[in-house]
Amino acid sequence: MGIREFPGGAPRGKGIAIGMRRSPDVSPRRLSDISPQLRQLKYLVVDEAIKEDLKWSRSVEDLTSGPVGLTSIEERILRITGYYGYQPWAASYKREERPREPPGLAEAQAPGGAEASGRTSRRRCTCSRAQLHKTFWGVAVVLCVCASWAGSTQLAKLTFAKFDAPFTLTWFATNWNFLFFPLYYAGHVCKSTEKQSVKQRYRECCRFFGDNGLTLKVFFTKAAPFGVLWTLTNYLYLHAIKKINTTDVSVLFCCNKAFVFLLSWIVLRDRFMGVRIVAAILAIAGIVMMTYADGFHSHSVIGIALVVGSASMSALYKVLFKLLLGSAKFGEAALFLSILGVFNIIFITCIPVLLYFTKVEYWSSFDDIPWGNLCGFSVLLLTFNIVLNFGIAVTYPTLMSLGIVLSVPVNAVVDHYTSQIVFNGVRVIAIIIIGLGFLLLLLPEEWDVWLIKLLTHLKVRKKEETVEGGADLGSGPQNRSRRARPSFAR
């Protein structure tokens, strides 16, 4: 039985490999001509060297872009027949038949390769050093956020034992926001090479509010609502500290992250993420379990409702800021927070006065006011807001958020030794559930893609190690037999 040949001279059947090796520019045109290879398409693997040789090929781009490589049997058939220009036999021909470089050329290129590897190692060293520096600052920021938030909460609890006026304390601490822009400008003068006057810097930061800057209309439409939300958030939080222990208050306030996601999904049309929906469900379940932990007493229910309201106001503040104003630079954020302080001084001052004369928040004399506690609480809250707003300049935002959730165990330890809190099973499970939901909300949007890439990389690396181990075992006996074979040539 004769062997029929292709027009280019390559024989059919078993001679395809020979034809591929001899003529890299010829590819089979009928599926019946490559029927043995079609049965192996299921196990088709693209070698890394082929990808390097054929980066221009559309088929290689499709192979690397898909989640699992080839997506369908039709695409595999089209690629193996050379429809997209992908010819593995041509690549193997080029790779195997490529002439070796002369030793002189290889030796001449060696110093250049060593220099390139040196630059790469230096770049890796620099990157690792920068990441280490950023991580170090991240740890410092986390500790600062945790200490300032837990310290302000505990100090507020101590203040209410002598000075039962949560709204007055809120008003007093919010007035300190006026210091944001002066502190920012002091840092600008110390760090910036191109120093500007206060007036120039102020005008540049006012562009954040629009082309006309900070007008009276902008003040009442874009600043005043946020001043009200800021005051409500802090007042509800401080009022809740009077009703329940600081551990429950701090852990329930962590639910604001879940509320931010839900409002962003509804109002801002943010990307839907299943893991964040699970985190929001965990937060709601933790709130219910925390309410059940004390047996639905009136003080505990009111306190939990106040904290949930504070977390909701905080989430509304963040979502509206992103909706109306967008993202702000450091100077713009400092100016905005200082404007909130000015709004508080001008428009909110009348409320503590009314509460004093109506004896809702009354104190006998100004000498009885614990000014040390009030100033200490204000300084800690100012430090917390400064680190939370400007810490992104030196570290990752996720690390800063960890400081808030780490304040929960700190408050729990303090409450254990200073109050009569009972850590029953329901309360512990509620704390764990809310903390887990908070950590799930810290996952980036592309966490699933990163996880798939990591698992794929580990799987490929394990496979390569297995293949290399098998190759070493296969080559070992042959080398030993070659060394043991005697030579009779003289």
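Residues numbered from 1 in each chain as written. Predicted model: local features only at pLDDT ≥ 70, side-chain atom pairs only at ≥ 80, totals over all residues. Heavy atoms only, no water.

- The protein appears in an unreviewed UniProt entry as Solute carrier family 35 member F3 from Ictidomys tridecemlineatus.

### Some details on the overall build of the protein
- Along the protein, the regular secondary structure elements total 21 helices and zero strands.
- Residues classed as buried in the protein amount to 38% of the 490 residues present.
- In the protein, 80% of the contacts between residues at least 6 apart in sequence involve partners at least 24 apart.
- Carbon together with sulfur atoms contributes 63% to the accessible area of the protein, which is approximately 29700 Å² in total. (Helix = DSSP H or I, 4+ residues; strand = E, 2+ residues; numbered from the N terminus. Buried < 20%, exposed > 50% of the residue type's maximum accessible area, 1.4 Å probe, protein only. Contact = heavy atoms within 4.5 Å. Areas by Shrake-Rupley, 256 points an atom, 1.4 Å probe, with all protein chains shown as cover.)

### Description of helix 14 (residues 274–293)
- The end-to-end C-alpha distance of helix 14 is 28 Å, a good match for the 28 Å that 20 residues give at a rise of 1.5 Å each.
- Gly295, located one to two residues past helix 14, shows a positive phi value of around 80°. (Expected span 1.5 Å × (residues − 1).)

### Observations regarding the layout of surface pockets
- As a volume, the largest pocket reaches approximately 1900 Å³.
- Lys257, Val260, Lys318, Leu388 and Asn389 are the residues nearest the centre of the largest pocket, which is lined by 48 residues in total. (1 Å grid on protein atoms, 1.4 Å probe; cavity = no way out; pocket = protein on both sides within 12 Å on 5 of 7 lines; lining within 4 Å. Points joined across faces, edges and corners; volume = space filled by probe spheres on them.)

### Structural notes on the side chain of Asn411
- Here Asn411 is to be found in helix 19 (residues 397–418).
- Note on Asn411: relative accessible area 1%, which makes it buried.
- Residue contacts for Asn411: discarding those within four places in its chain leaves Ala150, Thr153, Gln154, Thr246, Thr247 and Ser250.

### Comments concerning helix 20 (residues 425–441)
- With 17 residues, helix 20 should reach 24 Å at 1.5 Å per residue; the first-to-last C-alpha distance of 24 Å fits that figure.
- If you check which residues of helix 20 are buried, you get Arg427, Ala430, Ile431, Ile433, Ile434, Gly435, Gly437, Phe438, Leu440 and Leu441.
- Where the residues of helix 20 are buried, they touch helix 12 (246–253), helix 13 (256–267), helix 14 and helix 19.

### Some details on a nonpolar patch on the surface
- A cluster of nonpolar residues, Phe178, Leu179, Leu183, Leu216, Phe220, Ile345, Ile346 and Phe347, forms a patch on the protein surface that exposes about 760 Å² of accessible area.
- Elements with a contribution of two residues or more to the nonpolar patch: helix 11 (216–243) and helix 16 (330–348).
- The residue Leu179 is located in the loop between helix 8 (166–175) and helix 9 (180–191) in this model. (Patch = residues over 30% accessible without salt bridge, like charges linked within 9 Å, V, L, I, M, F, W, Y side chains within 5 Å. Salt bridge = Lys/Arg side-chain N within 4 Å of Asp/Glu carboxyl O.)

### Section: the nonpolar core
- Counting residues in hydrophobic clusters, the biggest one holds 59 residues, and the most contacted among them are Leu238, Leu252 and Phe377.
- With residues up to four places along the chain from it excluded, the contact list for Leu238 reads Ala156, Phe160, Pro166, Leu169, Thr170 and Phe377.
- Core analysis: the second largest hydrophobic core is formed by 28 residues, Val218, Ala334, Ile339 and Leu355 among them. (Core = buried A, V, L, I, M, F, W, Y, C linked by side-chain atoms within 4.5 Å.)

### A word on empty space enclosed by the protein
- Throughout the structure, instances matching the rule amount to two cavities of 30 Å³ or more.
- Reported here for the largest cavity is a volume of approximately 50 Å³.
- Counting residues per element, the ones that place at least two in the lining of the largest cavity are helix 7 (103–160), helix 11 and helix 18 (371–390).
- Of all the elements, helix 11 adds the most residues to the lining of the largest cavity, at three residues.
- Split by residue class, the lining of the largest cavity holds five nonpolar, two polar and no charged.
- Taken as a whole, the second largest cavity encloses approximately 40 Å³ of empty space.
- Sort the elements by how many residues they give to the lining of the second largest cavity and helix 18 lands first, with four residues. (Nonpolar A, V, L, I, M, F, W, Y, C, P; charged D, E, K, R; others polar.)

### As for the pattern of salt bridges
- Summed over all chains, the structure comprises three salt bridges.
- A salt bridge links Glu204 to Arg201; its shortest N-O distance comes to 3.3 Å. In this pair, Glu204 and Arg201 are both assigned in helix 10 (residues 198–206), three residues apart and thus about one turn of the helix distant.

### Concerning the packing of aromatic side chains
- Under the counting rule described, the total for this entry stands at 30 aromatic pairs.
- Their ring planes at 35° and their centres at 6.2 Å tell us that Phe219 and Phe347 sit as a pair that is tilted. Taken together, the positions of Phe219 in helix 11 and Phe347 in helix 16 put the pair 128 residues apart, joining distant regions of the chain.
- Three or more aromatic residues link up through ring pairs in this structure, and these residues are Phe208, Phe209, Phe226, Trp230, Tyr317, Phe321 and Phe336.
- A cation over an aromatic ring shows up here: Lys359 above the ring of Tyr362, its NZ or CZ 5.4 Å from the ring centre. (Phe/Tyr/Trp six-rings, centres within 6.5 Å; stacked < 30°, edge-to-face > 60°. Lys NZ or Arg CZ within 6 Å of the ring centre and 35° of its normal.)

### Some details on the environment of Ala186
- Considering the arrangement of structural elements, one finds Ala186 in helix 9.
- It is 9.8 Å that separates the C-alpha atoms of Ala186 and Val198, two residues lying 12 residues apart in sequence.

### Re the environment of Leu324
- Structurally, the position occupied by Leu324 is in helix 15 (residues 298–324).
- Considered as a pair, Leu324 and Lys222 are 102 residues apart in the sequence and their alpha carbons are 7.5 Å apart.

### What to know about the confidence of the model for the protein
- On average, residues of the protein carry a pLDDT of 76, and 69% of them reach 70 or more.
- Throughout residues 1–29 the model reports pLDDT below 50, and contacts reaching past four residues in sequence, or to other chains, amount to 33 contacts.
- Within the model, the stretch residues 82–117 combines pLDDT values under 50 with 40 contacts to residues more than four positions away or in other chains. (pLDDT = per-residue confidence, 0-100.)

### With respect to unusual backbone geometry
- Residues other than glycine seldom take positive phi values, yet Arg269 does so here, at roughly 60°.
- Mapping Arg269 onto the fold places it in the loop between helix 13 and helix 14.
- Classification of Arg269 as exposed rests on a relative accessible area of 69%.
- For Lys359, which is not glycine, the phi dihedral falls at a positive 60°.
- Counting through the fold element by element, Lys359 comes out in the loop between helix 17 (350–357) and helix 18.

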